[in-house]
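Architecture and fold: a report
Each chain, written out:
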Amino acid sequence: MVDWFNLIRNKQVFMRRESELVYIAKTQDLEEQQPGVEGQLRRLMEKPEHLKTSADKVREKELMDKLVEIVNDRNAIVDGLDEDRLREEEEDQQLNEMMQKLDTKKGDKNKRKSPISKLFKWKN
């Protein structure tokens, strides 16, 4: 039974690592996008207002929205990692408690011997 719990723990470790890698990949993608968006936005914002075309203004708004989206997505990843960490701690605690209960029950079974086994032990 302990082996079974160890298998569960190993499975959880692998699943957590996979989730972590997905978060890392998403974060890297966003980190790669952000400087380009910021650069384009900076160039448009440096342009004097009276020289901006309506297309420039629309593009500026699109870039600002994209930048806000990137920042929000990065924040969501951080929040997701925090939530996962808390959930994982709870799962670990529950699994440890179950394993301790199993060990306790196992110990109780060894302590409770039948009267017949006591007789045989007494005679030895």
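The present account deals with the structure reproduced in this document. (Residues numbered from 1 in each chain as written. Predicted model: local features only at pLDDT ≥ 70, side-chain atom pairs only at ≥ 80, totals over all residues. Heavy atoms only, no water.)

**Comments concerning the environment of Lys52**
By the element assignment, Lys52 lies in the loop between α1 (2-46) and α2 (54-111). The class for Lys52 is buried, based on a relative accessible area of 8%. Beyond its immediate stretch of four places on either side in the chain, Lys52 contacts Leu44, Met45, Lys47, Lys57 and Glu60. Of note is the side chain of Lys52, whose polar atom sits 2.6 Å from the side chain of Glu60. (Helix = DSSP H or I, 4+ residues; strand = E, 2+ residues; numbered from the N terminus. Buried < 20%, exposed > 50% of the residue type's maximum accessible area, 1.4 Å probe, protein only. Contact = heavy atoms within 4.5 Å. Polar contact = N/O pair within 3.5 Å; in protein donor to acceptor, adjacent residues only side chain to side chain.)

**As for the nonpolar core**
Counting residues in hydrophobic clusters, the biggest one holds nine residues: Tyr23, Leu30, Val37, Leu41, Leu44, Leu63, Leu67, Ile70 and Ile77. Where this core is concerned, the elements lending two or more residues are α1 and α2. Considering each element in turn, this core owes the most residues, five residues, to α1. Apart from residues lying up to four places away in sequence, Leu67 is in contact with Gln34, Val37, Glu38 and Leu41. (Core = buried A, V, L, I, M, F, W, Y, C linked by side-chain atoms within 4.5 Å.)

**Thoughts on a nonpolar patch on the surface**
Taken together, the side chains of Met45, Met64 and Val68 define a hydrophobic patch exposed on the protein surface, amounting to about 250 Å² of accessible area. With respect to the helices and strands, the residue Met45 is situated in helix α1. Judged by its relative accessible area of 44%, Met45 is partly exposed. (Patch = residues over 30% accessible without salt bridge, like charges linked within 9 Å, V, L, I, M, F, W, Y side chains within 5 Å. Areas by Shrake-Rupley, 256 points an atom, 1.4 Å probe, with all protein chains shown as cover. Salt bridge = Lys/Arg side-chain N within 4 Å of Asp/Glu carboxyl O.)

**Quick word on the pattern of salt bridges**
Two side chains carrying opposite charge are able to pair once their charged atoms lie near each other. For the structure on display, the rule yields 13 salt bridges. Note that Arg17 and Glu20 form a salt bridge whose closest N and O atoms lie 2.8 Å from each other. Here Arg17 and its partner Glu20 are both found in helix α1, three residues apart, which amounts to about one turn of the helix. For Arg17, a relative accessible area of 42% gives the class partly exposed. Classification of Glu20 by relative accessible area gives partly exposed; the value is 37%. Residues Glu91 and Arg87 are paired through a salt bridge, measuring 3.0 Å at the closest nitrogen-oxygen approach. Of this pair, Glu91 and Arg87 both sit in helix α2, four residues apart, which is roughly one turn of the helix. Glu91 sits in the partly exposed class, given a relative accessible area of 24%.

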